[in-house]
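# What the coordinates show
Take a look at the letters that make up each chain.
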Amino acid sequence: MSTLYRLVYLSKNRISGGAAHVAAEVQSILAAAQRNNPPLELTGALIFNAGMFAQVLEGPCRSVEDTFEKIQQDPRHGDLEVLAYYQTTERAFHHWSMGYFGQSREGQDLFGHLAKVTGLNTDGLEGTRLFEIIRDIALEEETRAA
């Protein structure tokens, strides 16, 4: 088994168009990740809300870095900012090739509050804090679904 890495990043939404088009594009991102991530041994979670993407990627170094390189080239993302990249001993999102969270009212409130407080300015936002927010939303929504 290869060494496990975790990458946490934020980006601004660059998808133009109405709500239906934006939702379709986000679903396209999710479908591609859920199809492409298992062979790369990648897991993670994505939150989209208030004009921002927040994502955690977990897996082997090369898979994480190659996938993030593709995300950087994706015109739907802008002003990408890596908040954390580190080696870890266990996956936080081992059940999901790419989970999509924050759709519940509670998740929207938590992540939307982050966007409102920061004004989409991530200066001073720590990657570990964003990771905790995403993990907490995932656990909450997983519990609710069970």
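Moving on: unusual backbone geometry. Even without being glycine, Glu41 reaches a positive phi, approximately 60°. Within the element layout of this structure, Glu41 appears in the loop between helix H1 (19-40) and strand S2 (43-49). What makes Glu41 partly exposed here is its relative accessible area of 45%. In this model, Asp79 sits at a positive phi of 50°, which is unusual for a non-glycine residue. The residue Asp79 is located in strand S4 (residues 77-88) in this model.

Attention now moves to the nonpolar core. For soluble globular proteins, the rule of thumb is that nonpolar side chains tend to be buried together. If you look at the biggest cluster of nonpolar residues, it comprises 18 residues, and the most contacted ones within it are Val26, Leu46 and Phe53. Secondary-structure elements contributing two or more residues to this core are strand S1 (4-13), H1, S2, strand S3 (52-60) and helix H2 (61-73). It is H1 that contributes the most residues to this core, five residues altogether. Leu10, Val56, Leu83 and Leu130 belong to the second-largest nonpolar core, a separate cluster that totals 17 residues.

Within the secondary structure, Thr43 is located in strand S2. Thr43 sits in the buried class, given a relative accessible area of 9%. Polar side-chain contacts of Thr43 include one of 2.8 Å to the side chain of Arg91. Beyond its immediate chain neighbours, meaning those up to four positions away, Thr43 contacts Val56, Leu57, Glu58, Arg91, Phe93, His94, Trp96 and Ser97.

Thresholds applied
Residues numbered from 1 in each chain as written. Predicted model: local features only at pLDDT ≥ 70, side-chain atom pairs only at ≥ 80, totals over all residues. Heavy atoms only, no water. Helix = DSSP H or I, 4+ residues; strand = E, 2+ residues; numbered from the N terminus. Buried < 20%, exposed > 50% of the residue type's maximum accessible area, 1.4 Å probe, protein only. Core = buried A, V, L, I, M, F, W, Y, C linked by side-chain atoms within 4.5 Å. Polar contact = N/O pair within 3.5 Å; in protein donor to acceptor, adjacent residues only side chain to side chain. Contact = heavy atoms within 4.5 Å.

This is a description of form; function is not addressed.
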